[in-house]
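Next come the chains, spelled out residue by residue.
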Amino acid sequence: MEVVIVATPADTGRVVADAVQQAVAAGARVLGLATGSSPLAAYRELARRHRKEGLSLAGLDAFLLDEYVGLPAGHPQSYARVIRAEFVDSVDLDPARVQGPDGTAGDLLAEARRYDAAIRAAGPVDLQILGIGGNGHVGFNEPGSSLTSRTRVKTLTEATRRDNARFFGDVSDVPRHVITQGLGTIGDARHLVLTASGAHKATALAAAIEGPVSASCPASVLQLHPHVTVVADEAAATRLRSAGHYRYAFAHKLSQQGY
Ligand code: F6R
């Protein structure tokens with residue numbers, strides 16, 4: 001695992017964009033996209049490079065991590081809509097090749113299995129962008145999630161519903177259920193890039209990187225993956241015991257070591 005500590009949220013965006021650009025240059029075919037606030041700086045930077053520097057994501061497939069259950073089609077907070085507005089419409093990804101689970105499916109359990117199979121068929125995901133919840137969730141794998149889980153229906157914690165109320169207006173409007181890629185599904189990706197900004201992520205990030213591997217902190221499963229890059233701003237990195245070493249290793253990276 002490489003931990004890259006940078007000054008600001010905008011800097012996290014540049015590092016994540018570098019990792020994506022490097023993967024694309026190396027022939028990546030499939031991207032994994034997170035929603036929420038964490039990846040927005042990276043999406044803005046990738047859009048800028050597309051506009052100004054000719055970066056192209058044409059021909060790639062992309063898969064979302066998760067979707068709320070029961071939001072009506074076209075609801076502005078459905079993750080399918082959010083990713084279009086925040087990213088896909090600003091680059092040359094083909095919207096028809098950006099897939100997410102259908103949270104309005106009649107048989108949600110079957111839809112979760114179908115989505116997992118679709119990722120397997122198109123995959124592996126070459127680079128998966130991740131955020132982390134204040135309680136250590138990745139995707140919507142809340143504490144207690146099996147570390148080998150596949151895509152399935154999960155119930156959000158009240159803490160996550162309160163966190164995400166800022167997107168909805170009122171906590172009562174935040175759905176209780178989601179379809180989320182499982183931790184095992186996420187772990188099938190070749191390269192996991194987790195980005196975190198802000199002091200409210202510091203405790204969860206330290207538990208994920210330096211705590212025990214435990215279902216109580218789902219993001220700690222990243223410690224078992226062979227290729228992980230964590231990109232944190234200073235505020236999110238304040239509780240990392242080995243921050244000094246992470247900075248030292250990054251400053252002395254060999255030229256042939258990419259992300
Ligand atoms: C979103 C997702 C979640 C978020 C996490 C952090 O697709 O899977 O795990 O990454 O809840 O959310 P933000 O980035 O809004 O703080």
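Refer to the structure presented above.
In short, a report on the structure. (Residues numbered from 1 in each chain as written. Predicted model: local features only at pLDDT ≥ 70, side-chain atom pairs only at ≥ 80, totals over all residues. Heavy atoms only, no water.)

## Remarks on the overall build of the chain
Turning to step 1, where the next piece is worked out: Scanning the chain for helices and strands turns up 8 helices and 10 strands.
Turning to step 2, where the next piece is worked out: Computed over the C-alpha atoms, the radius of gyration of the chain is 17 Å, within 12% of the 18 Å expected from 2.2 N^0.38 for a compact globule of 259 residues.
Turning to step 3, where the next piece is worked out: Here the analysis covers contacts within the chain between residues at least 6 apart in sequence; of these, 79% occur between residues at least 24 apart.
Turning to step 4, where the next piece is worked out: Here the chain displays about 11100 Å² of accessible surface, and carbon together with sulfur accounts for 52% of that area.
Turning to step 5, where the next piece is worked out: Across the chain, the 26 positively charged side chains and the 26 negatively charged ones have centroids separated by 2 Å. (Helix = DSSP H or I, 4+ residues; strand = E, 2+ residues; numbered from the N terminus. Rg over C-alpha atoms; globule rule 2.2 N^0.38 Å. Contact = heavy atoms within 4.5 Å. Areas by Shrake-Rupley, 256 points an atom, 1.4 Å probe, with all protein chains shown as cover. Lys, Arg positive; Asp, Glu negative; His and termini not counted. Charge placed at Lys NZ, Arg CZ, Asp CG, Glu CD.)

## Here we look at the layout of surface pockets
Turning to step 1, where the next piece is worked out: In this structure, the largest pocket occupies an estimated 540 Å³ of space.
Turning to step 2, where the next piece is worked out: Around the largest pocket, the lining is made up of 29 residues, and of these Gly36, Ser37, Ser38, Arg166 and Lys201 lie nearest the centre.
Turning to step 3, where the next piece is worked out: Listed by contribution, the elements that provide at least two residues to the lining of the largest pocket are helix H1 (9–25), helix H2 (40–53) and helix H5 (158–168).
Turning to step 4, where the next piece is worked out: No other element matches H5, which puts 4 residues into the lining of the largest pocket.
Turning to step 5, where the next piece is worked out: A class-by-class count of the residues in the lining of the largest pocket yields 11 nonpolar, 13 polar and 5 charged.
Turning to step 6, where the next piece is worked out: For the second largest pocket, the calculated volume is near 310 Å³. (1 Å grid on protein atoms, 1.4 Å probe; cavity = no way out; pocket = protein on both sides within 12 Å on 5 of 7 lines; lining within 4 Å. Points joined across faces, edges and corners; volume = space filled by probe spheres on them. Nonpolar A, V, L, I, M, F, W, Y, C, P; charged D, E, K, R; others polar.)

## Observations concerning the packing of H1 against H2
Turning to step 1, where the next piece is worked out: Relative orientation of the contacting elements H1 and H2 amounts to 60 degrees, with a least axis distance of 7 Å. Considered as vectors, H1 and H2 are oriented oblique to each other. Regarding H1 and H2, the two cross each other, and that crossing is right-handed. In this structure, H1 uses Pro9, Ala10, Thr12, Gly13, Arg14, Val16, Ala17, Asp18, Val20 and Gln21 to contact H2, whose residues at the interface are Ala41, Ala42, Glu45, Leu46 and Arg49.
Turning to step 2, where the next piece is worked out: Here the contact of H1 with H2 is composed, by residue class, of 8 nonpolar, 3 polar and 4 charged. (Axes fitted to C-alpha atoms, helices over the stretch in contact; angles between N-to-C directions. Parallel < 35°, antiparallel > 145°, perpendicular 65-115°, else oblique. Left-handed = near helix turned anticlockwise from the far one by under 90°.)

## Things to note about the pairing of strand E2 (residues 30–33)
Turning to step 1, where the next piece is worked out: What you see with E2 is no split at all: Val30 and Gly32 on one side and Leu31 and Leu33 on the other are buried throughout.
Turning to step 2, where the next piece is worked out: Bridge analysis of E2 against strand E3 (residues 61–64) gives 4 bridges, and the strand direction is parallel. Bridge pairing links Leu33 to Leu64 in E3.
Turning to step 3, where the next piece is worked out: Since E2 and E3 lie parallel, the crossover through H2 that links them has a hand, and here it is right-handed.
Turning to step 4, where the next piece is worked out: Pairing of E2 with strand E6 (residues 127–130) involves 2 bridges; the strand directions are parallel. (Buried < 20%, exposed > 50% of the residue type's maximum accessible area, 1.4 Å probe, protein only. Pairing = 2+ DSSP bridges. Right-handed = clockwise from strand over helix to strand, strands pointing away.)

## Looking at the sheet that holds strand E10 (residues 228–233)
Turning to step 1, where the next piece is worked out: Spatially, E1-E10-E9-E6-E2-E3-E5 is the arrangement adopted by the 7 strands of the open sheet, whose pairing is parallel. The open sheet has two edge strands, strand E1 (2–6) and strand E5 (98–99), and neither has a second partner.

## Quick word on the packing of aromatic side chains
Turning to step 1, where the next piece is worked out: In this structure the tally under the stated criterion is 6 aromatic pairs.
Turning to step 2, where the next piece is worked out: Between Tyr68 and Tyr79 the ring centres are 4.9 Å apart and the planes differ by 45 degrees, which places this aromatic pair in the tilted class. Taken as a pair, Tyr68 in strand E4 (residues 66–68) and Tyr79 in helix H3 (residues 79–86) lie far apart in primary sequence, 11 residues in all.
Turning to step 3, where the next piece is worked out: Taking relative accessible area as the criterion, Tyr68 reaches 2% and is therefore assigned buried.
Turning to step 4, where the next piece is worked out: Ring geometry for Tyr68 against Phe168: centres 5.3 Å apart, planes inclined by 85 degrees, an arrangement best described as edge-to-face. Here Phe168 lies in helix H5 and Tyr68 lies in strand E4, a separation of 100 residues in the sequence. As far as the burial class goes, Tyr68 and Phe168 line up, both buried.
Turning to step 5, where the next piece is worked out: Among the aromatic residues, those joined into a ring-pair cluster are Tyr68, Tyr79, Phe140 and Phe168.
Turning to step 6, where the next piece is worked out: Sitting above the plane of the Tyr259 ring, Lys253 keeps its charged end 4.1 Å from the centroid. (Phe/Tyr/Trp six-rings, centres within 6.5 Å; stacked < 30°, edge-to-face > 60°. Lys NZ or Arg CZ within 6 Å of the ring centre and 35° of its normal.)

## Some words on empty space enclosed by the protein
Turning to step 1, where the next piece is worked out: Under the definition given, this model contains 1 cavity of 30 Å³ or more.
Turning to step 2, where the next piece is worked out: In this structure, the largest cavity occupies an estimated 40 Å³ of space.
Turning to step 3, where the next piece is worked out: Considering the residues around the largest cavity, the lining is formed by Met1, Ile132, Leu194, Leu205, Ala208, Ile209, Ala219, Leu222 and Val230.

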